[in-house]
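Here is what each chain is made of, one letter per residue.
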Amino acid sequence: MTDIRDDAPAATAKHASATQNAAREGLSGEGDTLIARSVTINRSRDDLYRFWRDFPNLAKFMENVKRIDVRDDCTSHWVVAGPGETTVEWDAQITQDVPGEAIAWASTNSPDVSNSGRVEFRDAGERGTVVTATIFYKAPAGFVGKLIAKLFQREPGIQARRDLRRFKQLMETGEVATAARTLKQREEEIA
Amino acid sequence: MRALTWHGKHDVRVDTVDDPEILNPRDAIIKVTSTAICGSDLHLYDGFIPTMKAGDILGHEFMGEVVETGPGSTLRKGQRVVVPFTIACGSCYHCGKHQYSACDNGNPADNQDIAQELYGQPMSGLFGYSHMTGGYAGGQAEYVRVPFSDVGPIVIPDGIDDDRVLFLSDILPTGWQAAENAEIEPGDTVVVWGCGPVGLFAVQSAFLMGAERVIAIDHFPRRLELARRFGAETINYEETRTYEALIEMTGGIGPDACIDAVGLEAHGFFADNVWDQIKVSTFTGTDRTHSIRQAIHACRKGGRISMPAVYGGFVDKFPLGAFMEKGLTLKTGQTHVQHYLPGLLNAIVEDKIDTTFLISHRLPLEQAPDGYRMFHDHQNDVTKVVLKPGLDRVAA
Ligand SMILES: NC(=O)c1ccc[n+]([C@@H]2O[C@H](COP(=O)([O-])OP(=O)(O)OC[C@H]3O[C@@H](n4cnc5c(N)ncnc54)[C@H](O)[C@@H]3O)[C@@H](O)[C@H]2O)c1
Ligand SMILES: [Zn+2]
Ligand SMILES: [Zn+2]
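Definitions and limits used
Residues numbered from 1 in each chain as written. Chains lettered and ligands numbered in written order. Predicted model: local features only at pLDDT ≥ 70, side-chain atom pairs only at ≥ 80, totals over all residues. Heavy atoms only, no water. pLDDT = per-residue confidence, 0-100. Donors = N, O, S within 2.8 Å, 3.2 Å for Na, K, Ca; no water. Tetrahedral: all angles 85-135°; square planar, octahedral: opposite > 155°, others 65-115°. Buried < 20%, exposed > 50% of the residue type's maximum accessible area, 1.4 Å probe, protein only. Pairing = 2+ DSSP bridges. Helix = DSSP H or I, 4+ residues; strand = E, 2+ residues; numbered from the N terminus. Contact = heavy atoms within 4.5 Å. Buried area = accessible area lost by both parts, 1.4 Å probe. Salt bridge = Lys/Arg side-chain N within 4 Å of Asp/Glu carboxyl O. Polar contact = N/O pair within 3.5 Å; in protein donor to acceptor, adjacent residues only side chain to side chain. Axes fitted to C-alpha atoms, helices over the stretch in contact; angles between N-to-C directions. Domains from an automatic or database assignment. Nonpolar A, V, L, I, M, F, W, Y, C, P; charged D, E, K, R; others polar.

Trainee: Could you clarify how one ought to interpret the confidence of the model for chain B in this entry?
Mentor: Any residue range with low pLDDT should be treated as having predicted coordinates unsuitable for detailed reading. For chain B, per-residue confidence averages 92 on the pLDDT scale, and residues scoring 70 or more make up 93% of the total. For this predicted complex, the interface score ipTM comes out at 0.89, alongside a pTM of 0.91.

Printed below as a string of structure tokens:
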């Protein structure tokens, strides 16, 4: 079979399997779903890298991440909202760390919610930095799990795009935009 | 507080709702002193704009007094400000290019999905204009939470009446940008479809930018009279065959630049318009588009089309062939209000631009539903309704 690959990112392929694509993006670990989203942020690579490398910061813009505790320089503990009122927790190990360029991590000891991720920062001249986040994971309970995830507006493709937009807002404007009018309304939105 | 809320087609009410609060560092709270009903609000009133929710507070043209500020605001309590209808952060790539209505960050992340799917890219947030553009509460209320208050609102010097500056919030910069987008050259004949507030400001702006002639089209005698007052020649499209008149009035050439200031609710019963209306009522098309079609048809070869008018979705029977063959240019978009504010405020202070001629009715906020009905039903006489919270009840 001839390889007629083009130059588009692996996650935008129509056919190739997620596992093959993940390998192309330099991700390891187990999974059946690959998501990659890019956003351009008007800040330097170093600023963005530093903010992201401090893992507890991720909870400020990742809607479903309730808390990330740092265990040691390479290990963090993630507490993430699942469907309904549930939470899911796992440990993640940093698998790659290139200051100002890329950070990759993978969950350990969590066969049910096996996932790995990578974020890459590339110079974009006067536009700032292109940030590409790639997430590779095994959907909980396969198809049914995905369906539930979608129902709860937690479908990771959309979720990743929204999270990156919030990251951009926070880094460019110092705040996350909200259309709420009152504190109570905003709390209801976040809940 | 009291606020004008939307409940469905032709159903707006003044309700009591919770006061707004400071939620982000750069916020300010404005106590509204004047707020206007816009032609764009009629699109909401008529139920043409998707993603509205019952209880949404309308209004994107407002000004008032600063009563509270977040730590990141540059405003001070007591200042009088006019607030742009576009919510822009001032620090993203587009804001850096002064393309404020394309701001990446003015629209909350979740609300950006709708426009991303529908248009390919999300737009900035707007006050009081559906959830696709943010779902922000609008200014037809006693108080408004204004995000990014260090970037948008312009401070008004003492001694300048609300009525003179209120329209900086939208329609004056919109008319100005419409004329700028027409790239007017000396000697040009510019045609403006629609003599609503946007069209009338486009007429004034076109002359200030050096147009030799401006021809204004509408069917409301009073609105045509206002256009004539600024030096425009007029066409009443109910009395006159517009295309033929335009060709004759330009010696067979056609106008150099055409401005469509009508938008998705074009009036009139032209053959293609009836077809559009049928499609609207059968939900097979969203926009009625006579004016833009006619502008493309009449425009001279190599001419320019400027389209401040709002269109919401997809358009059928767009004359792509004429557009291509004649080598036309089309410029459009929501107005980059922040970009024009200092210059236009100056022009008002120096009496180069008058905006007060437009105001036909002043009502208290409590009578806002009357204002909508009047503006909707009697466009000849009702050119602009300004709502003032606290004003005494008037007979309407
Ligand atoms: N781009 C922006 O940022 C922006 C800002 C404000 C308003 N707008 C849009 O600009 C448009 C005009 O706003 P407005 O407040 O002046 O509205 P308006 O409804 O007061 O005025 C429209 C005028 O067009 C006339 N008209 C209708 N059909 C016509 C036709 N076939 N030919 C000629 N004239 C016709 C009407 O009689 C009316 O006087 C609307 O679509 C509005 O949504 C855009
Ligand atoms: Zn308006
Ligand atoms: Zn911006």
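Trainee: Would you mind showing me how to read the coordination of the zinc ion (ligand 3) here?
Mentor: Each donor-metal-donor angle would ideally measure 109.5 degrees in four-coordinate tetrahedral geometry, or 90 or 180 degrees in six-coordinate octahedral geometry. Residue and element names in this part refer to chain B. Those protein atoms acting as donors to the zinc ion (ligand 3) are C89 (SG), C92 (SG), C95 (SG) and C103 (SG), and they sit at 2.3 to 2.5 Å. For the zinc ion (ligand 3), the 4 donor atoms in the first shell make angles of 100 to 119 degrees at the metal, so the coordination geometry reads as tetrahedral. Read N to C, the donor residues that coordinate the zinc ion (ligand 3) are spaced as C-x2-C-x2-C-x7-C. Comparing C89 with C95 shows no difference in burial state: the two are buried.

Trainee: Can you walk me through the pairing of strand β6 (residues 80-83) of chain B in this structure?
Mentor: Residues and elements named next belong to chain B. Direction of pairing for strand β5 (residues 61-69) relative to β6: antiparallel, over a ladder of 4 bridges. Paired with M63 across the strands is V82, a residue of β6. The pairing of β6 with strand β10 (residues 154-155) spans 2 bridges and is antiparallel. Across the sheet, V81 pairs through a bridge with V155, a residue of β10.

Trainee: What is the right way to look at the interface of chain B and chain A in this model?
Mentor: How big an interface is tends to be stated in terms of the accessible area lost upon association of its parts. Opposite the 33 residues of chain B that make contact, chain A presents 24 residues. The contact between chain B and chain A buries some 2,500 Å² in all, and 44% of this surface belongs to carbon and sulfur atoms. On the chain B side of the contact with chain A, B:L23, B:Y93 and B:N105 bury the most area, a combined 25% of that side's loss. Across the contact surface, chain B and chain A share 7 salt bridges. Of the charged contacts in the structure, one is a salt bridge between A:R161 and B:D113, with a shortest N-O distance of 3.2 Å. Connecting chain B to chain A are 25 residue pairs in polar contact (both at pLDDT 80 or more).

Trainee: What is the right way to look at the sheet that holds strand β5 (residues 102-108) of chain A in this model?
Mentor: By way of backbone hydrogen bonds, the strands of a sheet pair with one another, either parallel or antiparallel. Residues and elements named next belong to chain A. Ordered by their spatial adjacency, 7 strands build an open sheet running β1-β7-β6-β5-β4-β3-β2, and the pairing between neighbours is antiparallel. Sheet topology places β1 (33-41) and β2 (65-70) at the edges, where each strand pairs with a single neighbour. Strand-to-strand twist in this sheet, taken as the mean axis angle between neighbours without regard to direction, amounts to 20 degrees. Of the strand pairs in this sheet, β2 and strand β3 (residues 75-81) are connected by 5 bridges, and their pairing is antiparallel. Bridge pairing in β3 links V65 to V80. Of the strands in this sheet, β1, β4 (87-98), β5, β6 (115-123) and β7 (129-137) touch helix α2 (residues 45-53), which is tilted by about 160 degrees from β6.

Trainee: Explanation requested: the domain arrangement of chain B in the structure shown.
Mentor: All names here are of chain B. Splitting chain B by domain gives domain 1 (2-169 + 336-388) and domain 2 (172-332). The centre of domain 1, based on its C-alpha atoms, is set 26 Å off from the matching centre of domain 2. Each partner contributes residues to the interface: domain 1 has 29 residues there, and domain 2 has 27 residues. The largest contributions to the domain 1 side of the interface with domain 2 come from F48, Y340 and F357, which together make up 27% of the buried area. Between the two partners, domain 1 and domain 2, sit 0 salt bridges. Elements with a contribution of two residues or more to the side of domain 1 that touches domain 2: α1 (39-45), α3 (112-119) and α12 (337-349). For the side of domain 1 that touches domain 2, the element with the most residues is α12, which contributes 4 residues. Among the residues forming the side of domain 1 that touches domain 2, the class breakdown is 16 nonpolar, 8 polar and 5 charged.

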